[in-house]
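Understanding the architecture of this molecule
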Amino acid sequence: MSKKVFEVKDLRYRYRKGNVEAVRGISFDVYEGEIFGLLGPSGAGKSTTQKIMTKLFKEYAGEIVYLGKDLKQYDNQYFETLGVGFELPVHFSKLTGLENMKFFSQLYKERADIETLLDMVGLLDDKDRMVAQYSKGMKMRLNFVRALLNKPKLLFLDEVTNGLDPKNARIIKDAIRRFKEEGGTVFLTTHLMNDVEELCDRVAFIRQGEIVEISTPRDLKIKYGEREVRVEYYNNNQTKEAKFPLDGLGENKEFLALLEEETIETIHSGETTLDQIFIEVTGEKVDA
Amino acid sequence: MHNFLNLFKGEMQRMIKYKILQISFVVTLLWLVIMFLIGADYVGDFVPLFIFMDASMMTVLLVGANLFFEKQENTLKTMLITPSSYYAILASKFIASVYLALQSAILISLFAYILFDVSVNFPLLVLFVVVITFAHTAIGFTFTVFVREFTGLLAFMIFYMFLFAFPSIFYFLGIFGDAFEYILMFSPTHGSLLMIDYAYGVEVSWYLLLIANTYLVMLGIGLIHFVVSPKYVETAVRE
């Protein structure tokens, strides 16, 4: 396993006006080069956790270790190493896209080529338009460019594909994957299971401020799935279904006979989807 | 320092793009028109009032509006995840605000001097406008961190004008008696008006001037330290 970028230990946070803790003693690690997803319904504590890890909230209990050093010991230079993609657009609407990016870029020591980034997300032709004239999808793509301006090693992305059509969501997801391939680490908070399925190496589900499950998507699917095989076959002008236990399938005579004698239409293992896992572990429905 | 200069350049760029600089310039032109309408006989009495209005009330309004726009656009939040220190961010906003007030004060005072022969202690005027704008920028920030809607900011402004600005103006118009002066020293606007008056040659006792300057500087620092700072991040992060 790669080295730990973050070690979060017994993290707790209470809003000043809140009666209950928004984050209740969560612990997890994020490893270098992985895409780690923190998943949960609205109000579960995902964004609060991210705001603590990005030092927007400083009065927390517990410990966060970033690259071997307590996060509280880092000064503003911490921000040289990370990029944050917020859930909502964060731009000066009366400046053009390029003016916005130039302004933010000059606040960092390391600077990526802005036009290359704009081109990557399909905004190069619109760089001289005022952001106020951008659609929501364009603003979200500009958010992503904003996060990459300082050539970060670590990306925090909050609902990064929110409001994007499938084509533009694909552009962003491909860019995230490329970022990872180049050695970057990504901390993703989302409730969109499609993104998780495609991107995340490991996920943690958070419910009411507590982590209730943490693993790889594959292992979770196996854990929450049923160990069975479902076969649909065609018989007497009808589609019929049969289920067989996964254990000892190769010696299951009934199953082998079905394969030999019937016209098989589909065979599925009983693994579940992340949507179903989300509902099961958080007790909430998944937004479309 | 490097980031401060970039932040300041950004503030100035946005003042132009959001037309705040232009609005401030138009207001200055309006004062100039009013000076013509008042005429040479009385203009000397009103010039300090115009500069006071610009450095105090206009500053509160423009700073408040500017910060409110940023709050709405979530840019306050994204600034907090840059390597720029919180104080550099605030300082750039202060300097930009002082620039605006100085631009108006210089234009008004030059115009009054050239066309109506209204003389002024110019270095003192500049110094006092800086102090007044500093305190009123802090007041503008304070209002903005407490409101969620723009109408809330306007309500704060109206409340402030009734509580502080109007009593001072009434005092200078002779509606309130001298006994009120010591009470009025608790008003940032009253101290501001005294300072501008003094730069224009009105006799003001040295201790009132000292109290006014000290009060405005301490008020600005106090508001930043005890009110704006603790609420700024909360304001920036609130969605």
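Here the structure is a predicted model, which means the values were calculated and not measured.

Let us now look at the nonpolar core. If you look at the biggest cluster of nonpolar residues, it comprises 134 residues, and the most contacted ones within it are Val186 of chain A together with Ile51 of chain B. For this core, the element with the highest residue contribution is helix H3 (residues 43-72) of chain B, accounting for 13 residues. Residue contacts for Ile51 of chain B: discarding those within four places in its chain leaves Ala105, Ile108, Ser109, Val129 and Ile196 of chain B.

Here we come to the domain arrangement of chain A. As far as domains go, chain A holds domain 1 (33-56 + 75-221) and domain 2 (226-270). In this structure, domain 1 of chain A and domain 2 of chain A have C-alpha centres spaced 44 Å apart.

The next point concerns the interface of chain A and chain B. Taken together, the contact pairs 23 residues of chain A with 20 residues of chain B. Tallied by class, residues from the side of chain A that touches chain B come to 13 nonpolar, 6 polar and 4 charged.

Angle between the axes and distance between the axes: these two values describe a pair of packed helices. Residues and elements named next belong to chain A. For the pair helix H7 (residues 217-224) and helix H9 (residues 274-282), the least separation of the axes is 10 Å and the interaxial angle reads 70°. Classified by the interaxial angle, the pair formed by H7 and H9 is roughly perpendicular. Crossing angle aside, the handedness with which H7 passes H9 is left-handed. Taken together, the residues of H9 that come into contact with H7 (itself represented by Pro217, Leu220 and Tyr224) are Leu274, Gln276, Ile277 and Glu280.

Residue and element names in this part refer to chain A. A positive phi angle is found at Lys151, which is not glycine, with a value near 50°. Summarising the element assignment, Lys151 is placed in the loop between helix H4 (136-148) and strand E7 (154-158). On the neighbour-count criterion, Lys151 (16 C-beta atoms within 10 Å) is partly exposed. Of note in the backbone geometry, Glu159 takes a positive phi value of approximately 45° without being a glycine. Turning to its location among the elements, Glu159 is positioned in the loop between E7 and helix H5 (166-181).

Residues and elements named next belong to chain A. Relative to strand E4 (residues 61-66), strand E1 (residues 4-13) is paired through 5 bridges, and the arrangement is antiparallel. In the sheet register, Arg12 faces E4, and the bridge partner there is Ala61. Where E4 meets strand E5 (residues 69-70), 2 bridges bridge the pair, whose relative direction is antiparallel. Residue Val65 lies in a different strand from E5, and its bridge partner there is Asp70.

All right, on to helix H9 (residues 188-199) of chain B then. All names here are of chain B. Between the first and last C-alpha of H9 there are 17 Å, a value that for 12 residues agrees with the 16 Å anticipated at 1.5 Å per step. H9 sits mainly inside the fold: 12 of its 12 residues count as buried. For H9, the complete set of buried residues consists of Pro188, Thr189, His190, Gly191, Ser192, Leu193, Leu194, Met195, Ile196, Asp197, Tyr198 and Ala199. Its buried side turned inward, H9 meets H3, helix H6 (122-146), helix H7 (150-172), helix H8 (181-184) and helix H10 (206-237).

All names here are of chain B. Two elements in contact, H3 and H7, have axes separated by 11 Å at closest approach and are oriented at 165°. In terms of orientation, H3 and H7 fall into the roughly antiparallel class. Handedness of the crossing formed by H3 with H7: right-handed. Here Met57, Val60, Leu61, Gly64 and Phe68 of H3 lie close against H7, whose contacting residues are Phe150, Leu153, Met157, Tyr160, Met161 and Ala165. Here the contact of H3 with H7 is composed, by residue class, of 10 nonpolar, 1 polar and no charged.

Rules used in this analysis
- Residues numbered from 1 in each chain as written.
- Chains lettered and ligands numbered in written order.
- Predicted model: local features only at pLDDT ≥ 70, side-chain atom pairs only at ≥ 80, totals over all residues.
- Core = buried A, V, L, I, M, F, W, Y, C linked by C-beta atoms within 7 Å.
- Buried ≥ 20, exposed ≤ 12 C-beta atoms within 10 Å, placed from the backbone.
- Helix = DSSP H or I, 4+ residues; strand = E, 2+ residues; numbered from the N terminus.
- Contact = placed C-beta atoms within 7 Å.
- Domains from an automatic or database assignment.
- Nonpolar A, V, L, I, M, F, W, Y, C, P; charged D, E, K, R; others polar.
- Axes fitted to C-alpha atoms, helices over the stretch in contact; angles between N-to-C directions.
- Parallel < 35°, antiparallel > 145°, perpendicular 65-115°, else oblique.
- Left-handed = near helix turned anticlockwise from the far one by under 90°.
- Pairing = 2+ DSSP bridges.
- Expected span 1.5 Å × (residues − 1).

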